[in-house]
Amino acid sequence: MAGRLYGVGVGPGDPELMTIKACKIIRNCPVIAVPGKAPEETVAYQIAAGAEPAVREKELLGIHMPMTKDPKILEESHRAAVEKLKEELDAGKDVAFLTLGDPTVYSTYLYVHQELREAGYQTEIISGIPSFCAAAARVQMGIGEKAEQIHIVPASYQIQEALELPGTKILMKAGRQYQKVKEQLLSADVDVVMVENCGMEGERIFHGAEEMPEEAGYYTLIFVKDKGERV
């Protein structure tokens, strides 16, 4: 009988924000898959190890997930990931695949999960605290109040139209477009709060687009509200 694949959200960075269920799944699974060539060096593994020491005793499976938009490279990496996971599942082993935040929010893992599910393997997703919820709590601001809309926007693409939407805009994954995002925010009549490395070493918080640094790391998100809204 084939094993079961679990997509396990480990939360935004602080090990104390991992769920009890995530820890339970890690304890029960003989194989821990992590997005990275060297599992022990990945952020997801380090978060999990801080919350559930049993992860250090497990068989580790590194899954390379390149940060690219090239469809050919993505397809090849997804195919390779599926084949590596199939080997473990076909051997009857349950696999916990660790993902940052929540597996359903901009997670590369989800492509692999869907393909294996469609192939007939048993799968399950273990929700984790999303980074934007943790960051909002960190700065003690409400994301959505009363009838306020919430928009989650991948900032590596064009955001001009998104900035015109009502309510709270959450800009994620700015990446190489960070400078352009900052320029657009500086020219817009909006209130901004930026959180970098929430719950991790090197955490930084900036209030206002004019305070945003010239460079920012991968684990950066930006809250944007219309002027006069509470941030």
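Residues numbered from 1 in each chain as written. Predicted model: local features only at pLDDT ≥ 70, side-chain atom pairs only at ≥ 80, totals over all residues. Heavy atoms only, no water.

### As for a nonpolar patch on the surface
On the surface, Met-67, Leu-100, Tyr-218 and Tyr-219 cluster together into a nonpolar patch covering about 390 Å² of accessible area. Its location among the elements puts Tyr-219 in the loop between strand E9 (204-207) and strand E10 (220-226). (Patch = residues over 30% accessible without salt bridge, like charges linked within 9 Å, V, L, I, M, F, W, Y side chains within 5 Å. Areas by Shrake-Rupley, 256 points an atom, 1.4 Å probe, with all protein chains shown as cover. Salt bridge = Lys/Arg side-chain N within 4 Å of Asp/Glu carboxyl O. Helix = DSSP H or I, 4+ residues; strand = E, 2+ residues; numbered from the N terminus.)

### Observations regarding helix H4 (residues 109-118)
By the burial criterion, the buried members of H4 are Tyr-109, Val-112, His-113 and Leu-116. Seen from one end, H4 has its buried residues packed into an arc of 100 degrees, which puts them on one side. Opposite its buried face, H4 presents the exposed residues Tyr-111 and Glu-118, each directed more than 90 degrees away. Looking at the buried positions of H4, the neighbouring elements they touch are strand E1 (4-9), helix H3 (71-90), strand E4 (95-99) and strand E5 (122-126). Backbone geometry just after H4 places Gly-120 at a positive phi near 100 degrees. (Buried < 20%, exposed > 50% of the residue type's maximum accessible area, 1.4 Å probe, protein only. Arc of directions from axis to C-beta. Contact = heavy atoms within 4.5 Å.)

### Describing the nonpolar core
Core analysis: the biggest nonpolar cluster contains 20 residues, and Val-8, Val-10, Met-18, Ile-25, Ile-26, Ile-32 and Leu-98 have the highest contact counts within it. Within the residue set of this core, elements represented by two or more residues are E1, helix H1 (20-28), strand E2 (31-35), helix H2 (43-51) and E4. By residue number, the principal contributor to this core is H2, which donates 5 residues. Contact partners of Leu-98, with chain neighbours within four places excluded, come to Val-8, Val-10, Ile-26, Ile-32, Ala-33, Val-34, Pro-35, Ala-44, Tyr-45 and Ala-48. If you look at the next biggest cluster of nonpolar residues, it comprises 18 residues, including Leu-163, Met-194, Ala-209 and Val-224. (Core = buried A, V, L, I, M, F, W, Y, C linked by side-chain atoms within 4.5 Å.)

Note that all results are geometric; they support no functional claim without further evidence.
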